[in-house]
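Topology and contacts: notes
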Amino acid sequence: EGWQGSDSVGWILLAYIATDVPGVPSIDEILSFQRATSWLEQTTITYIVFPVSAKASLPLESLLGNFEYDIDLTRDLSVEMVGLGAAGTLMRSSYKIQLLSSSHHFDWRPSGDETEFNYGPNSFFHTVKSLHRFLYHQVSRAMQVELKHMKGKFAGNSSMLEVEVHSLLFATQGLDLAIPSRSSYTDVVKHNNCVDSQGRRKQRCDPKLNARALNESIFLQCPERHGGTRIQLFGSRDDPLKIQLHKLDPNQKNDSLRRRRVSERTAIEKRHGVVVDVNNNWLKEWEAEHIEIWSSSSDPDQAEAACVNANREGILPRVDCATRIVQIEETELKPLESPSSNPNLLVIMIDPLSRYQLRRSLPNTWAILKLLGFVDFERYTAVGNNSGPNQAALYSGRPIDSRDGIKSSGKRSWLWDRLKSKGYITMKAEDGCVRNSNMVQSIQPRTHHGRQLHEFFCFSFDRPNCLGSKMAAEHLIEYTQQFIDAYEGISRPWAAFVSFVDSHEDTLTLASYLDGMLAEFVQSIPRNTVVLFTSDHGLHYGPPFSARAGEVERSQPLLMMKMPTFQKFNVLTKNADKYTTPFDAHETLSQALLGERGQTEYGLSLLDPLPAVRNDCTLVSSIPASFCALVAPPNGDREPQCRFMAEPPSVFSYFADIPLNNRPRWPKACPLAKKRLASQSDCLCASDKKDWHRCSSGDETSQDNYSLRSCGQHDLDSSLEVKIHVKREEELAESRRKLAAHTENQLGLDSSHSQPNILFIEVDSVSLAASERHFRKTWSLLKQYAIGGDGSCQSEWCAAAFNQTSVVGQSSIVNQLAALSGCLTNADKSENLKKYPKGHCPIGGQSSLGINNKTSVAYDHWLFDVAERLGYITFFGEEFCYEESPYVVQNQSPFTLRVDLSLERIHCQFAKNWLRANGKTNSDTKTWAVEYDSDDVPETCFDGMSRGEMSLEFIRQMWDVYSEPKFAFLNVLAAHDYSIDPAHTPLSAENYDLSLYEFLSGFVTRQDARETLIVLRSDHGLQGGPWPIDYSVQIEHMRPWTTLLFPRSYKHVDKHVLAINQERLTTGFDIYNTLRFAMTPSDESASPLLDAGIPRWSFNLFKQEVPRSRTCFDAKIPLKFCPCVDERGDVAPSFYVGQSEMITAPIFAVPLPTYNWERARFEPARLPGETFYKKPEKNKYHSFALQQDVKTPGCNATLGSYIDENMLSDSWQMIQNITSLFPASDVSGGIFLYERQALLLAYLVQRESASMAAATSNKQFVICETGFGSGHGAALFLSSSPNVQVISFDKYDRPYQSAVFYALRSLFGSSRLMRVVGDSCSTVKQFGKKCDFIHGSSLCRTDNIDLIYKSGASVKLTSTAMAKLTGRSVYFHKDGFGKTAQWEELRSRGCIKNSICFKDVEKQIDGDLLFARRGGKHASHQFCFAESTGVCVGRSRENEAPRAPLWSAPLKADEFCPDWIVPVPPPEREGR
């Protein structure tokens, strides 16, 4: 109805337009330009889903006489399309059109320019022509498929052949994808694991993306096609002869040509005041209809933004945009009251972004902000659910009543208006299209700059968030930098409000693209600037928001703040751990910039200490109670219940929704072998008893379970013949009967009960959701047997589907170990476990099957051991040759796999034959790594059977020949597919679905099947290949497919309990418990008669009700794989399965930036989406020559006699560059004040480290330094010798210290500088490593003593230079109150000897240093050296002093210049 009238309905989240209802107009009528445009302009519609279609008709008479049907379809094909007009209307309203679903999908054919048009989920349509091309592509390919099916069947008549294709399109003005999928932003073909040695794309690969894909640039960048188009802004009145050449295109090297290029602009260029080049061609060489130019102002001299679209084909536009700042005349500005004291303001807003998401997506930026001294307010809390109330609070200090409150804010006083009225030059801009928003930009802020960008980002869009060849964020940062550069040099402050909307999309991917740009930008901000790095809230929609952790993050935006001086740093730091809000941030800015306090009653300035009530969220009136409840401790009165997260949308659903006949499929059947004559001399044979050998007439024996014959020498060996003929072995059956009788007699088991057969089919890498998508035939069978809620079965079989089963680890090994042995891979001190190699297994129980004397492992764990001891005939099936494979539980567990029947040898024979046929018998290729499939035959086929069919046939014959109890385990690899193309990933699974369905359908009709229990499950969801980068795969991974089938006549099950357990949290441990019970049941109890080895934390699903309150902790599910969203602290998308919970953990290792001392800034580590910065090269100071012959310094020696002064100067200058960013931050001083001590330290370090290197194998000379200060001492030590490693003890509580620390690591190498953070009075005591050299320079009065107590003989001790050598702190003597100086105590205890003291050079101290401010500007200091006797190690447990190491020479006063030496103060008793 909305389009019929003129009234707006405000805001609509989703408009789904269906036109298949009688009487409803077509989509082109509903969304016609005339009917819909005005309504779209008045109403905010976040998402629109609408249909498009194409219908093709082809006269069959045109095919007469042409039975190959290889015709040009464009000649006779008639195509009718619906939806192009609707798409055009939405595109004109800045909606982005994407593919949501389709009735057909066709394989990509990389030929010609078609490489640009690989249609699939989320395909983006730039123009109406591109949508037209898509529909024509789909319908013409569908017609070709239809013609192929008709080949040879055409009888000849005049009727028409008609084909239709239908699609649903998704439209949004924002950045969301139709199907949230990080894969839409990646191209794994760029990964080195996904191309062969010739650089060709592989069909399958496992890129093994780590936490942030640091080593690969697989994330999409802005399209290269835009690079050849360039626009530059000039005024219409500019004289080309006077134009500065630096304003022109730097690619044009000929200056006169560049000037002529400007002077010869076309009319359209002059009208807009621009210059345009396309592929180095001037615009006049292009036709006017191929060029579209947009300018932000009708006056070219006032325009601050312009764009050009050069597009001949009309399908893929080629765009470039440029910005500039047109400075405001001084006469247009308000007078400034005190220009010298007003700081600038920069507010960087990321909408939306939680504190945790900052660490996930922008770790470089977060790390650099911390290094730059930004204060991180860790309890900063939102005051509303969305941007409106939070931005209103920040920018106006007042609340709003509703989402639309900003638009109706009336005379609200905005911060930029107040600053403008006080003489500030202002700017407000965001990197999104601002056309129909109900957020802050909708009020069109009246700032000096930024308004011209409101339409700028509406001009064009490419994925990722690109405007031409640059990210939209790059344009905005460039514009902001232009603004700062334009006004930084004048005596007037500026205020810039910059907002990035790249994170406003529910894959949580695009925010990563900001990391490198912002990490660079924040380091260029002028020093006299108040900086707020903030967000309005965390993401408030999308898949992660369905979890409680998502709601928590919505309420926890980020606030990091830096003031121009650090006089308020301590106050801000103390306030940082209290609850704060945007209202407080507003009050802080009002005080810092305008000197105003208490402007509203909602906030408090963070420049003043916050009251104690701010420690309690519920006492902060502006924070909603619901937000406080999210961070409150759980209510102990409420019974917890595991709540699984709603499964996110998956790109695999896009393909699963398409009918099988309308998308790619693998061949239904494998090709049969090409039979050869038995007498052919080159044939080889093999069986389960014999390896490959020349065939003979007696090869196939009655004892072989299979036989093979190969007469080929080529890749696929299509002549390979396979015969499966499982033979009964009477001796085996008899031995099992005897062993069962022995076990029953030994343990007193009841021999009267019948043991059911166990058939355990595990389909590797299939989540519950994937099974429902791709095993539809099998599910149709399972649903026939499904147990009702009351426990009833409607047929002779019952199927229990466990919808809340969880993994207990990431890989197959961990999950199979749980289901097949009940064991853990890691120790758990809370349980009674037996530690075995590669496993920890439960012990206890009343009865045991004994211990394997060879391995010392009990028979009570491994199901194959248990089954064997109970008389079962056992089978183990892997569908590849697993010998030496590191990826299988049978090779990576405490247990020895001993089974009666196995498939391993047949697959090993296949692998050896493939290696032989391909000439790789002696290569490094392992038999377990052999892959058989190809583009022509994608299924792994052997003589007309897939390996899945072969396995099922083997089991079928096993059931045929053995009537004894059977235990069979089969691990199926059909779904273990790492295809690059998501359309191909599930194809093998879908083929296997038919095989499994046919097997189960036949199996349940067997008479002996009535005595069989069937476990049909998976170990985990997909975890390899390119797709675990998708959130849906990460969530599905935790929820494997698990179903139990059993005959309705089976007595040992409580069907009511089983029905309840289907919706309870279960794991593989419960499957293990259930099978152990089934193999030795008890009618009276839910516990089996044989209970040894069964995990205490598991449940018998047949008899024991799983508690509703069961948690992941109870079930032994690691937190990072826990599917219970209320138990998790983090369920946001990561870059691999199981990583999200790690990213926000305190111990998570954030990639640390490196410092480029030449550029005087930190270089961000490489992350996804970043190609902006090259990987830093190894610094030249990471290694240098070790001095071998170290001479004693003479009286004329200088520091340059021992070290490279350029190296030291560079490092000290780098420290100065960093500390200068922190004015008034208490830089105390440093070794740079004491040139003589620096010289002697360099000498001693070189002498000791060179001696040690020559005499021992030690690679590092460890210097322990207490008191990092500004890092000058550490830099001196690191410059002295290449084998020095400095360990620095300090609180690191000064804002510049971490930045200097990491900068020095970048300069000298990260392994050479380590730190211990904390109070050195306690951290040194706890330190457990050895020091080769000690430098005490902290304020702690025990640091020298503590380090000597840990040091061996001859370790040299130095301390910072002091005004005098006597006193109660560092060196000698004690005061009248019994306070003993550290060196005095060490000397009196005999801990040090050979003390030598020196006077340093007198000099003036910089008045800005803390020491100068406290004690004067003149320095005349003294210092001492000594060496440890070693007797005080461990507080003197030895009576005899340890020997000094041979490499260490004692300190001797006569080695040094006598003019430098001063007397050592005598011991206290002698001095008196």
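Here's what I pulled together on the structure shown here. Keep in mind the model is a prediction, meaning the values are calculated, not measured.

**A short note on the overall build of the protein**
Tallying secondary structure elements over the protein gives 40 helices and 49 strands in all. Each of the 1472 residues in the protein was classed as buried or not, and the buried ones make up 60%. Put simply, of all contacts in the protein between residues at least 6 apart along the chain, 75% involve residues at least 24 apart. When the accessible surface of the protein is split by element, carbon and sulfur atoms take 48% of a total near 60,000 Å².

**A few points about the state of the cysteines**
Tallying each qualifying case throughout the model produces 16 disulfides. Covalent S-S linkage joins cysteine 823 and cysteine 841, the inter-sulfur distance amounting to 2.1 Å. Disulfide cysteine 823-cysteine 841: torsion about the S-S bond near 110°, hence right-handed. Taken as a pair, cysteine 823 in the loop between helix H22 (812–821) and strand S27 (833–836) and cysteine 841 in strand S28 (residues 839–842) lie far apart in primary sequence, 18 residues in all. Overall, the relative accessible area of 1% leaves cysteine 823 in the buried class.

**Structural notes on the pattern of salt bridges**
What the rule picks out here adds up to 46 salt bridges. Between arginine 773 and glutamate 1036 there is a salt bridge whose closest N-O contact spans 3.0 Å. Of the two residues, arginine 773 is situated in helix H20 (residues 768–774) and glutamate 1036 in helix H27 (residues 1031–1037); the sequence distance between them amounts to 263 residues. Among the residues examined, arginine 773 registers a relative accessible area of 11% and is labelled buried. Judged by its relative accessible area of 7%, glutamate 1036 is buried. We note a salt bridge from arginine 956 to glutamate 953, for which the minimum N-O separation is 2.4 Å. Residue arginine 956 and its partner glutamate 953 are both found in helix H25 (residues 947–961); the two are separated by three residues, about one turn of the helix. A relative accessible area of 30% means that arginine 956 is categorised as partly exposed. What emerges from the salt-bridge pattern is a single network uniting Arg728, Glu730, Glu734, Arg737 and Glu964.

**Description of the nonpolar core**
Of all hydrophobic cores here, the largest spans 189 residues; its most connected members are Leu345, Leu518 and Phe533. Broken down by element, this core gets its largest block of residues, ten residues, from helix H33 (residues 1235–1255). Apart from residues no more than four positions distant in its own chain, leucine 518 is found in contact with Ile348, Ile350, Leu362, Thr365, Ile477, Phe500 and Phe533.

**Describing the packing of helix H32 (residues 1205–1219) against helix H34 (residues 1272–1280)**
Following both chains from N to C, one finds H32 and H34 inclined at 155°, their axes separated by 10 Å at the closest point. When the axis of H32 is compared with that of H34, the two are roughly antiparallel. Of the two possible hands of crossing, H32 and H34 adopt the one that is right-handed. Along the contact surface, H32 presents Met1207, Leu1208, Ser1211, Trp1212 and Ile1215, while H34 presents His1272, Ala1275, Leu1276 and Ser1279. In terms of residue class, the contact of H32 with H34 is made up of six nonpolar, three polar and no charged.

**Quick word on the packing of aromatic side chains**
Here the structure, examined in full by the defined rule, presents 53 aromatic pairs. Ring centres of phenylalanine 124 and phenylalanine 461 lie 5.3 Å apart, and the angle between their planes is 85°; on these two criteria the pair is classed as edge-to-face. Note that phenylalanine 124 is positioned in strand S5 (residues 124–125) and phenylalanine 461 in the loop between strand S15 (425–430) and strand S16 (466–467), a separation of 337 residues in sequence. For the pair shown, phenylalanine 124 and phenylalanine 461 are each scored as buried. Members of the aromatic cluster, joined through ring pairs, are Phe760, Trp862, Phe864, Phe876, Tyr882, Phe895, Phe967 and Phe969. We note arginine 359 situated over the ring of tryptophan 366; from NZ or CZ to the ring centre the distance is 4.8 Å. Against the face of phenylalanine 1301 rests arginine 1315, its NZ or CZ located 4.7 Å from the ring centre.

**A look at the packing of H25 against helix H26 (residues 987–1003)**
Taken N-terminus to C-terminus, the directions of H25 and H26 make an angle of 10°; their axes are 10 Å apart at the nearest point. Here H25 is positioned roughly parallel relative to H26, judged by the angle of their axes. In this structure, the crossing between H25 and H26 has a hand that is right-handed. Seen from H25, the contacting residues are Gly948, Glu949, Leu952, Ile955, Arg956 and Trp959; seen from H26, they are Tyr992, Ser995, Leu996, Phe999 and Phe1003. When grouped by side-chain class, the residues that make up the contact of H25 with H26 number seven nonpolar, two polar and two charged.

**Looking at helix H35 (residues 1297–1308)**
Spanning twelve residues, H35 covers 16 Å between terminal C-alpha atoms, matching the ideal 16 Å at 1.5 Å per step. Counting buried positions along H35 yields twelve of twelve residues, so the element is predominantly enclosed. For H35, the full list of buried residues reads Gln1297, Ser1298, Ala1299, Val1300, Phe1301, Tyr1302, Ala1303, Leu1304, Arg1305, Ser1306, Leu1307 and Phe1308. One or two steps after H35, the chain reaches glycine 1309, where phi turns positive at roughly 110°.

**Details of the environment of valine 1464**
With respect to the element layout, valine 1464 can be found in the loop between strand S49 (1461–1462) and helix H40 (1468–1471). We classify valine 1464 as partly exposed; its relative accessible area is 28%. When the C-alpha positions of valine 1464 and serine 1395 are compared, they lie 7.1 Å apart, and in sequence the two are 69 residues distant.

**A short note on the sheet that holds strand S36 (residues 1012–1017)**
Reading across the sheet, the seven strands line up as S26-S37-S36-S25-S35-S31-S32 and stay open at both edges, with mixed pairing between neighbours. On the outer flanks of this sheet lie strand S26 (797–801) and strand S32 (901–902), each paired with one strand and no other. Bridge count for strand S25 (residues 757–763) against strand S35 (residues 966–972) is six bridges, and the pairing is parallel. The residue of S35 that forms the bridge with isoleucine 761 is leucine 970. Sheet strands touched by helix H29 (residues 1068–1079): S25, S35, S36 and strand S37 (1042–1047). Its angle to S36, the strand with the most contacts, is close to 170°.

**Remarks on the pairing of S26**
The buried fraction of S26 is high, at five of five residues. Residues of S26 alternate between two faces, with Trp797, Ala799 and Ala801 on one and Cys798 and Ala800 on the opposite face, all of them buried. Of the strand pairs in this sheet, S26 and S37 are connected by five bridges, and their pairing is antiparallel. Its bridge partner being in S37, alanine 799 is matched across the sheet by leucine 1045.

**Focus: the sheet that holds strand S7 (residues 229–233)**
Where strands meet in a sheet, backbone hydrogen bonds hold them as pairs that are either parallel or antiparallel. One open sheet holds the three strands; their spatial order is S7-S8-S9, and the pairing between them is antiparallel. The sheet is open, and its two borders are formed by S7 and strand S9 (281–282), each paired with just one other strand. Across five bridges, S7 lies against strand S8 (residues 274–278) in antiparallel orientation. By the bridge assignment, isoleucine 231 is partnered in S8 with valine 276.

Reading the values: rules and limits
Residues numbered from 1 in each chain as written. Predicted model: local features only at pLDDT ≥ 70, side-chain atom pairs only at ≥ 80, totals over all residues. Heavy atoms only, no water. Helix = DSSP H or I, 4+ residues; strand = E, 2+ residues; numbered from the N terminus. Buried < 20%, exposed > 50% of the residue type's maximum accessible area, 1.4 Å probe, protein only. Contact = heavy atoms within 4.5 Å. Areas by Shrake-Rupley, 256 points an atom, 1.4 Å probe, with all protein chains shown as cover. Disulfide = S-S within 2.5 Å. Salt bridge = Lys/Arg side-chain N within 4 Å of Asp/Glu carboxyl O. Core = buried A, V, L, I, M, F, W, Y, C linked by side-chain atoms within 4.5 Å. Axes fitted to C-alpha atoms, helices over the stretch in contact; angles between N-to-C directions. Parallel < 35°, antiparallel > 145°, perpendicular 65-115°, else oblique. Left-handed = near helix turned anticlockwise from the far one by under 90°. Nonpolar A, V, L, I, M, F, W, Y, C, P; charged D, E, K, R; others polar. Phe/Tyr/Trp six-rings, centres within 6.5 Å; stacked < 30°, edge-to-face > 60°. Lys NZ or Arg CZ within 6 Å of the ring centre and 35° of its normal. Expected span 1.5 Å × (residues − 1). Pairing = 2+ DSSP bridges.

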